[in-house]
Amino acid sequence: MVVLVTVACIIALSLVTEVFIPHSKYTKAVDLLNNSNFSESRTLFSELGDYKDSADMVNECYYQQALALANEAKYDNARTLFSSLGVYKDSESQILATYYTEGEEYMKIRKYSDAATYFAKAGSYNDAASKANTAQTYISYESAEKEFTEGNLNSAYEIYKKLPTDFEDVKERISLIEPYLSMCGEWEEVEETNYIYN
């Protein structure tokens, strides 16, 4: 009888430590992950070792944290986590997506050089190549506008002519400058001389 009770206790203890506790810990880790508590969730999944898909869930914690960071516009941190995941899910594509999103944000605030850089880093993601070209067009347009405003009509004209005529007011600017091109040339600054007549 004592032997049976001992065996029953061992089986019960084994069930508690190998089934109920890990299941409870796993459920808690999932709940933590669902509530964006990535660090604690990752710790619990790590402690569970090979229980169910705990090892894969550690990566899922990193992945979900990287997505959250990207949504908070913490792109460098998000890219670091996505990079550490290698080919897990669509991590590589998510890296490109963060560059693309950053490019769009720079376009909105008219920082076209930065936008072009980030769209280029986005590579083949979505329409990044087209957006990079648009950003480059704006860079050229701004350069032409600067030349135009400073009175450098030849330089402005040359830049405008390389731009699509349906872009912004390029066609109008070209039409405005063309009549004056024949009057433009190289100008030299001459010191003013005051003559005194006796």
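Within any chain, residue numbers begin from 1 and follow the written order of that chain's sequence. Owing to the predicted nature of the model, reporting of local features is limited to residues with pLDDT of at least 70; listing and counting of side-chain atom pairs is limited to 80 or more, with chain, interface and lining totals taken over all residues. Side-chain figures throughout are based on the complete set of non-hydrogen atoms in the structure, without hydrogens or water.

Under the scheme applied here, a residue whose accessible area is under 20% of the maximum for its type counts as buried, over 50% as exposed, and between as partly exposed, the area being computed with a 1.4 Å probe on protein chains only. Every helix listed is a DSSP run of H or I at least four residues long, and every strand listed is a run of E at least two residues long, numbered separately from the N terminus. Within the span of helix H9 (residues 170-177), buried status applies to Val170, Arg173, Ile174 and Ile177. Buried positions in H9, seen along its axis, are confined to an arc of 100° and lie on one side of it. Summarising the geometry of H9, the exposed residues directed more than 90 degrees from the buried face are Lys171 and Glu172. Note on definitions: a residue-residue contact is assigned when non-hydrogen atoms from the two residues lie within 4.5 Å. Where H9 is buried, its residues touch helix H7 (128-149) and helix H8 (153-162). The arc under discussion is defined with respect to the helix axis, by the directions toward the C-beta atoms.

Aromatic rings from Phe, Tyr and Trp, taking only the six-membered ring of Trp, are treated as a pair when their centres fall within 6.5 Å; an angle between ring planes under 30 degrees marks them as stacked, one over 60 as edge-to-face, and anything in between as tilted. The full count for this structure, using the stated rule, is twelve aromatic pairs. Here a set of aromatic residues connected by ring pairs shows up, and it is made of Tyr112, Tyr138, Tyr141, Tyr160 and Phe167. Sitting above the plane of the tyrosine 62 ring, arginine 42 keeps its charged end 4.2 Å from the centroid. The side chain of lysine 52 reaches across the aromatic face of tyrosine 26, ending 4.9 Å from its centre. Note on geometry: a ring has a charge over it if NZ (lysine) or CZ (arginine) is within 6 Å of the ring centre and within 35 degrees of the ring normal.

A word on the pattern of salt bridges. A pair can form between side chains of opposite charge whenever their charged atoms are brought close. Any carboxyl oxygen of Asp or Glu that lies within 4 Å of a side-chain nitrogen of Lys or Arg is treated as forming a salt bridge with it. Throughout the structure, instances matching the rule amount to nine salt bridges. The salt bridge partner of lysine 131 is glutamate 104, with a shortest N-O separation of 3.3 Å. With lysine 131 in helix H7 and glutamate 104 in helix H5 (residues 91-108), the pair connects residues that are 27 residues apart, well separated along the chain. A network of salt bridges, in which partner residues are shared, links Asp76, Arg79 and Glu102.

In this section: unusual backbone geometry. The backbone of alanine 73 sits at a positive phi, close to 65°, despite the residue not being glycine. Locating alanine 73 in the fold gives a position in the loop between helix H3 (54-71) and helix H4 (75-84). One non-glycine residue, lysine 89, adopts positive backbone phi at about 45°. Among the structural elements, lysine 89 can be located in the loop between H4 and H5. Its relative accessible area of 53% is what places lysine 89 among the exposed residues.

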